[in-house]
Structure formats: C-alpha cells, structure tokens
Amino acid sequence: MKTAKFSRILSLLALVLVATMLLTLVSCGSTTPVGDIPAAEEDVSSDPSDGNGDVADPSVTDPSDTDPTSSDPTASDPTSSTPTSSGTGGIPIITKPNPSGSGTTQTTTSLTNPTVDPGKDVLKAVPKELKGTSIKMLIWWTAGKDDKAEAAKFEKATGIKVSYETAALTKYQTNLSAKVMAKNAPALAAIINEWYPQPITRGLMQPLTNVKGWNYKDSKLYSLSLMDQFGYKGKHYGVALKGSNMTTFEVMFFNKNILKKQGVKQDPYQLWKAGKWNWDTCLDIAKKCTDSKRKLFGMSNVGQYFWMLSAGEDFVKSTKAGLKNNIGSAGVLNAWNHNWNLTYTHKVIDTSYTGQTPFFQGKAAMLGAGSYMMQADASHSNYVPQNMKDEWGVVPFPSPKGKSVAACEGTVWGFPTSVSGNKLQAAAWYLRYFLDDYNYSARDFYPKSECWEVMKWMWDQTIQSYNSVGVLTYGGEYNAYSIQYSLVDEADTTGKLKANLESWIGVLDANIKKIENELA
C-alpha cells in the first residue's frame, strides 16, 4: 500500500566532532468529496508563520554513510527494491509497505475507520465524460499489487486508465524535468520535503488553481498547514489529503514493560489522552528510566531536529510574503538547547547511537522515529512490530507545553506543468482516490488501533515539515547536515549554539535570494 518511509541513517561523527554524535535521519487533495464540485480555490493560503506549528528535532547523519550492509538497523534495508538516496546528503530512503502480514505476536484489532471522509464513494462521483482518458503517475517505488489493484478498481469504476512510471528517488526530479521539457509529462508527480522548492522554481509543477472545480482549501479534507509549506507566496502546488500514508510523521514509541519496572505511573499514551504529553513530561519519564549502572536510557536515537519541528519551527519558513529565514529565531534556539540538554545535561539519551537497537533490546524506554515504523509489515526487519518482544505503545512526538504540533517530513502530490483538460481532471480524481486511507484502513496495516488513532490526531494538528533542507542545499554548496554538524558537540554551550545558528543566516539569505530571482 502506498506510503513514504523516510528512514534516517545514523553516522558516527567522531572523526569530525570528537566522538560527538551519530543519529538517524528518517525522512505526503481533496478533490471534491462525493457530490457537487465546489468552486476552485483562490490564490491564498493560510499563513504558517504564526508560530503555532511545531518543529521536530533533526538527527545528525553523515551523508557519506550509505552502506546498506551496515550493522546499524536504521540503514537502508538491503531486502528492499526501493531506490536509495545518495549524493545530496539530504534525500532519505523511501519505500512502500507490503501489508501482507502482521509479523508480530502483539496482534490487536485494527481500527477500520478511515480518517478522511468516511462513507463517501469517490468513484461514483467521477464525471462520465472522463471515461477513456489515460493518465500516468510518476512514482519512486516499483508499483506493487496493491497499487495495481487500486488502478484497476479505479479504471473499472470510471473508465480512466492509470499507469505508473518509476524513477529512482535520486533521479526523480531530473526525470520529471526531462519529461516536462519533452512535453511528455506524467499527470501526477510528488514533491518531497527535501526537494522543495526546486520543482516550483524549475517550473515543473503548476499551481492548484489551474485545476478548475476543485476546492483544495477544504480544511476538513486537506492539511492546509502542510500544503502552505510546499507553496510559494500564497499559491499551493501540491495536495495533502488528511489520512494519507504518504507523509512520514515523527512519533514516540515506548516500552511499557520498562516504564512499569521503573515506577512510571502514567505512560506517554495516558499522558497524551489526558492532554499532558509534552517536552516536560517526556523528560520526566526519560529521567525515571535512565540508570547508568544498568546501562538503561530514557531514549534511544531520537532525531535531533524532531524537537525543532515539534516546536513549530524550521530554519526556513514559507509565508505569504515568500521564504523567511528563521534560523535566528528564539524558537529554533530553544529547541536546539533542549536537544543539547537532553543529551549532555540530563544524559537521558543513549549516546552509543546504534540506531533502534537499544530500544529493541530493552535498553531504552523510548524511541523517536518515523510513523512508517508502526506498520505491521513483515518484509521490513527494522519496524517496531517485527522487533519488540516487550509490550509497546506509540504516541505523537511531544511538543513544548501549550503547543500541539505534528512534526513530519512531508510529501505532497501535484500536477506537472502542461497537463491540462481531461487529463488534469482525471488526475485530480485519481489523486483523491489514491491518497484516501479508506483504501487501506480495513487491512492489517497497523497492528494496534492506537496507531490509527495517533495518525488521525496528527493530521488534524498544525503540521510542521522539515522543508528547510531544500533551501539549504539550493545551489549545491551545502548538504542537509551542514547546520546540524555545528549544533551537536558537547562543548556547545547555550552561547555557542546561538552563535553557530546565527553564522548560517548569511548562507540561507543568499540561497533564498537565488530562489526569489528564479521565481521573479
């Protein structure tokens, strides 16, 4: 079934930062619901720069570490046929799940309620005049039986033929650019957080306002806060349907057995349901579960940038006025200080940086990771359900007290330039159908009903995606980890962290200017 798995490859930075850190970087519309098609959206988007979003704390990864044979369980899965990233240091590995088996003994009844528009039959609403139209969708994975089954079901119901074209992840944008130039563009293509804003600056994607008759501003069906981050000056270029499994959210797994043994009275799930799950309560649990003598830690391998995202912050933000350099903000500094204190002041994070292994082995009480790891997918050996003998739970990644943000590495889907007419309308209908979690909610996609509960909740929050990566790498002088390298050393006091962050203001300003010049 469709999903984007953004797995983070941990790398030893000892050679660069005196045995510093190795962390994992894991790095998704409503066309109309059934019934009358509402009017098209205006060229206006909600402004994500109001400070209400949360940004997750990124992990530090060495871009040279791409060896799939590494003992690090967060490294690329050698059994996967999915193209892996290389070269840019910023594009994560992405795979598709195969929900053919649970792969876990902790089976519970799945929540079959779709999170979006339940009871609506999209297929019945597709206009009859689109029958006979053929469209192509550019993907980065090998189309599986579930993808083909969806296309076949859609064609049978609507008469619209859908085919998939596969481009390796690292060559996806180049492939799309060539097809657009050759006037042979697919009808549907994606924008991943680490590519933004290049698909827009290169003129590869058209604004959603071109898709007449679709209300992509319907906040009940679409995550406007995520779509804003993939837009430019109020125009949207990609669709994020709530409930879609194509975006990787940051979540926190926890070991129920360890928490009980350490005397934790309320676990993260109970705190979350009570509205008390935040940075402070997470730290309280981590402290109670850290025992240096027993080599037990409160957390294993939490991505450092998760904290930034969960605070609603990113190094760069997309606003109605354009791209805004945010690296010198108090919110970004506070998040990185929090990350530093967890590691060096409170010492609740396992600094062996051996991926998820400490959590799987019962040596860490919590694990921050991507939501794809909740899946009951027997083909992936590093997912939580396939590894945990102890009873486990999962909650959204915590935000600072008083905030409610869903941190993620986002993906949106849109329509390449030059696609028009019936092809554009047919693509809009298939995208509405393709992204709807109704298609996989009845499967044993997740082994626990709380996984569905967490996903639904996150889609309904303000969402913060790690989109500054594409701006940082714009022009090729830097990679996704350049800033992070200067923020993770034990010698980085509060004052030094601030200075290190501010040293990057000029770099980001220059890259933003390049982008604005291209879009002018």
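Before reading on, note that the structure itself is shown above.
All of these numbers come straight from a predicted model, not from anything done at the bench.

Further remarks concern unusual backbone geometry. Of note, the bond from Y196 into P197 is cis; its omega dihedral lies within 30 degrees of zero at 5°. In this model, K183 sits at a positive phi of 55°, which is unusual for a non-glycine residue. In this structure, K183 sits in the loop between α4 (172-181) and β3 (189-192). With relative accessibility at 76%, the residue K183 sits in the exposed group. Despite not being glycine, K233 has its phi angle at roughly 50°, a positive value. With a relative accessible area of 45%, K233 lands in the partly exposed category.

Within strand β10 (residues 392-396), five of the five residues are buried, leaving the element largely enclosed by the surrounding structure. Here five bridges tie strand β4 (residues 248-255) to β10, and the two strands are oriented antiparallel to one another. Residue pairing across strands places N255 opposite W392, the latter belonging to β10.

Now for the environment of L431. Structurally, L431 can be placed in helix α14 (residues 421-435). For L431, a relative accessible area of 0% gives the class buried. Distance from L431 to F415, taken between C-alpha atoms, is 9.8 Å for residues 16 residues apart in sequence. If we ignore the near neighbours within four places in the chain, the residues touching L431 are L188, V239, W413 and F415.

Parameters at a glance
- Residues numbered from 1 in each chain as written.
- Predicted model: local features only at pLDDT ≥ 70, side-chain atom pairs only at ≥ 80, totals over all residues.
- Heavy atoms only, no water.
- Helix = DSSP H or I, 4+ residues; strand = E, 2+ residues; numbered from the N terminus.
- Buried < 20%, exposed > 50% of the residue type's maximum accessible area, 1.4 Å probe, protein only.
- Pairing = 2+ DSSP bridges.
- Contact = heavy atoms within 4.5 Å.

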